[in-house]
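This is what each chain is made of:
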2 protein chains.
Amino acid sequence: MSDASASAPASAHKTITAAVLVIGDEILSGRTKDQNIGYIAEYLTRIGIELREVRVVPDVEREIVEAVNALRTRYDYLFTTGGIGPTHDDITAECVAKAVGVAIDVDERAVNLLLTRMKREDLNEMRLRMCRIPAGASLIENPVSAAPGFRIANVIVMAGVPRIMHAMLDNVAPTLETGVKIISETLEIGFPEGLYAAGLKEIAERCPDLSIGSYPSFGAQGYRNQVVLRGKDPALLAAGKAEVEALIAHLAAQQGAR
Amino acid sequence: MSDASASAPASAHKTITAAVLVIGDEILSGRTKDQNIGYIAEYLTRIGIELREVRVVPDVEREIVEAVNALRTRYDYLFTTGGIGPTHDDITAECVAKAVGVAIDVDERAVNLLLTRMKREDLNEMRLRMCRIPAGASLIENPVSAAPGFRIANVIVMAGVPRIMHAMLDNVAPTLETGVKIISETLEIGFPEGLYAAGLKEIAERCPDLSIGSYPSFGAQGYRNQVVLRGKDPALLAAGKAEVEALIAHLAAQQGAR
């Protein structure tokens, strides 16, 4: 206890994991192109939470409940997007309550939030659906259109509209436990993957604390390869990066001599 | 049997379902923004296959094998993207073989495809990894960079690079069983969702064969709502659309009178 104040924050060496569950027929039909997965992935990486799995399911109760339970029990946090509006196809709140095993009813805190934007006589039955919050949940404010998201246990329920989701994520982020941040280095490689794959494999085997990936892509400027090194320790990361740079320099000399 | 030739194609009234499995650390870290889910979703809808679930998992054998088995047993087809290159982090082919329970080895057909693009002495050990194909699989040609995808049982394994994936999907699509096509109608609604949600719910209840969704979004032109009706029968779809149009006209008159 005596040196607790001098030690690093409790979670500085912990790994905190998460999953994302995207809820909506419109993503599966291709009508709406998801913009939330990549945004949340980048956001969580930045604050020190490791995104480990993503699922997209339709607006079907059984599918949502099953996915919520599979993911909330497996990871530290589950973030959902979509299905919290006023229309009949918005069933996320009911499904999360069912999955977590709590009651759900109109929540006066949510009603009060909606009343900041509309008159009581306009708060019709369908709009009140947006105030149905599982018992025991905390609300996540929505500065865009008032209807809140919520957090119950480790499940964070957000809107699907990107602008609203961004604001909700900003609001909930300070309340989350975060772990050690993953840092990364990206190297542009001017060779085909097949030339450096063997050397890269050896480096990956020598650096078990780093995750090393190779990513080809085609852009306006043609074929392009990037090697990305990811890890938690800056010194190990720098050492791994130096190894890849040495490999590439060696291969460049070989290619020049060929 | 006698009127078989006069009947519709065997699958014209069937529903054919699919899942997509995106494999790659780079999507979960947010480094790479997935472009494949939306493309495949739209493509499958167009050809008459219903995408029912998507998962994204990291480059970890246990996770890939588990997801392949969960999805291939549940849907008619499973499409995977990513992890079929020459580097050590490309483990999709091995994982699919393991999940399906077949052997995997260097496949001469795949070797011959690579030899159309490179000399035999350049076909090093790591590049030969791209020729490792599960026993019994058929190959899916890759006109961009030669290294093939493959299909084994109902699992279709494609590259993660969008340009290559598009070509592979074009190549495999004609071999797939397709079902009745989902058709849709989209209506732009000039009201907040809360005003039409009750009427829309009633229409949805009267039209159990249609899937009716309401989608708010924010664009450069501000708030915007769309109602999308989806179904298999053109007449039912037209009737549902007419009901929504009547609802909106009714609400517009009410609003005008208010």
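Draft legend 1. Quick peek at the overall build of chain A. Looking only at helices and strands, chain A has nine helices and eleven strands in total. Over its C-alpha atoms chain A spans a radius of gyration of 23 Å, topping by over 25% the 18 Å that the globule rule assigns to 258 residues. Dimensions of chain A, computed from C-alpha atoms along their principal axes, come out at roughly 80 × 55 × 30 Å. The burial tally for chain A puts 46% of its 258 residues in the buried class. When contacts within chain A are restricted to residue pairs at least 6 apart in sequence, long-range pairs at least 24 apart make up 67% of them.

Draft legend 2. Representation of the packing of helix H3 (residues 61-72) of chain A against helix H4 (residues 92-100) of chain A in the model. All names here are of chain A. Interhelical geometry of H3 versus H4 gives an angle of 50° and a closest axis separation of 9 Å. Classified by the angle between their axes, H3 and H4 sit oblique to one another. Of the two possible hands of crossing, H3 and H4 adopt the one that is right-handed. Side by side, H3 and H4 meet where Glu 61, Ile 64, Val 65, Val 68 and Asn 69 of the first sit next to Thr 92, Cys 95, Val 96, Lys 98 and Ala 99 of the second.

Draft legend 3. Structural detail: the sheet that holds strand E7 (residues 149-152) of chain B. Sheet architecture is open: twelve strands sit in the order E6(A)-E7(A)-E8(A)-E3(A)-E1(A)-E2(A)-E2(B)-E1(B)-E3(B)-E8(B)-E7(B)-E6(B), paired in mixed fashion. This sheet does not close on itself; its edge strands, each paired only once, are strand E6 (138-140) of chain A together with strand E6 (138-140) of chain B. Averaged over all neighbouring strand pairs, the angle between strand axes comes to 20°, with direction disregarded. On top of the sheet, helix H2 (residues 36-47) of chain A reaches strand E1 (17-23), strand E2 (50-57) and strand E3 (77-81) of chain A; it is set at about 165° to E1 of chain A, its chief contact. This element, helix H4 (residues 92-100) of chain B, spans strand E1 (17-23), strand E3 (77-81), E7 and strand E8 (155-158) of chain B of the sheet and lies at about 170° to E8 of chain B.

Draft legend 4. Seen up close, the relation of the copies chain B and chain A. For the pair chain B and chain A, the superposition axis carries a translation of 0.0 Å, the fit reaches an RMSD of 0.0 Å, and the rotation angle comes to 180°. What the superposition gives is, in effect, a two-fold axis relating one chain to the other. Residue Arg 55 of chain B, judged by its C-alpha, is the member of chain B lying nearest the rotation axis, at 2.2 Å. Both copies present the same face, since 98% of the interface residues in chain B are matched by interface residues at the equivalent positions in chain A.

Draft legend 5. Looking closely at the interface of chain B and chain A. Taken residue by residue, the interface counts 52 residues in chain B and 51 residues in chain A. Of all elements in the fold, only helix H1 (25-28), helix H2 (36-47), strand E2 (50-57), helix H6 (125-129), helix H8 (193-206), strand E10 (211-219) and strand E11 (222-231) of chain B reach the threshold of two or more residues within the side of chain B that touches chain A. Per-element tally for the side of chain B that touches chain A: the top contributor is E10 of chain B, with eight residues. In the side of chain B that touches chain A, the residues fall into 22 nonpolar, 14 polar and 16 charged. Where E2 of chain A lies against E2 of chain B, three bridges are found, and the strand directions are antiparallel. Opposite Arg 55 of chain A, over in E2 of chain B, you have Arg 55 of chain B as the bridge partner.

Draft legend 6. Structural context of the domain arrangement of chain A. Split by domain assignment, chain A resolves into domain 1 (4-175) and domain 2 (183-257). Taken over C-alpha atoms, the centre of domain 1 of chain A sits 37 Å from the centre of domain 2 of chain A.

Draft legend 7. Layout of the nonpolar core. Of all hydrophobic cores here, the largest spans 110 residues; its most connected members are Leu 78 of chain A together with Leu 78 of chain B. When near neighbours in sequence (up to four residues on either side) are disregarded, Leu 78 of chain B contacts Ala 18, Ala 19, Leu 21, Val 68, Leu 71, Arg 72, Asn 154, Val 155 and Ile 156 of chain B.

Draft legend 8. Focus on the pairing of E7 of chain B. All names here are of chain B. Burial along E7 is two-sided: the face carrying Gly 149 and Arg 151 and the face carrying Phe 150 and Ile 152 are both buried. Pairing geometry for E7 and E8, over three bridges, is antiparallel. Within the sheet, the bridge partner assigned to Arg 151 lies in E8 and is Ile 156.

What counts, and where the lines are drawn
- Residues numbered from 1 in each chain as written.
- Chains lettered and ligands numbered in written order.
- Predicted model: local features only at pLDDT ≥ 70, side-chain atom pairs only at ≥ 80, totals over all residues.
- Helix = DSSP H or I, 4+ residues; strand = E, 2+ residues; numbered from the N terminus.
- Rg over C-alpha atoms; globule rule 2.2 N^0.38 Å.
- Buried ≥ 20, exposed ≤ 12 C-beta atoms within 10 Å, placed from the backbone.
- Contact = placed C-beta atoms within 7 Å.
- Axes fitted to C-alpha atoms, helices over the stretch in contact; angles between N-to-C directions.
- Parallel < 35°, antiparallel > 145°, perpendicular 65-115°, else oblique.
- Left-handed = near helix turned anticlockwise from the far one by under 90°.
- Pairing = 2+ DSSP bridges.
- Least-squares fit on C-alpha atoms with pLDDT ≥ 70 in both.
- Nonpolar A, V, L, I, M, F, W, Y, C, P; charged D, E, K, R; others polar.
- Domains from an automatic or database assignment.
- Core = buried A, V, L, I, M, F, W, Y, C linked by C-beta atoms within 7 Å.

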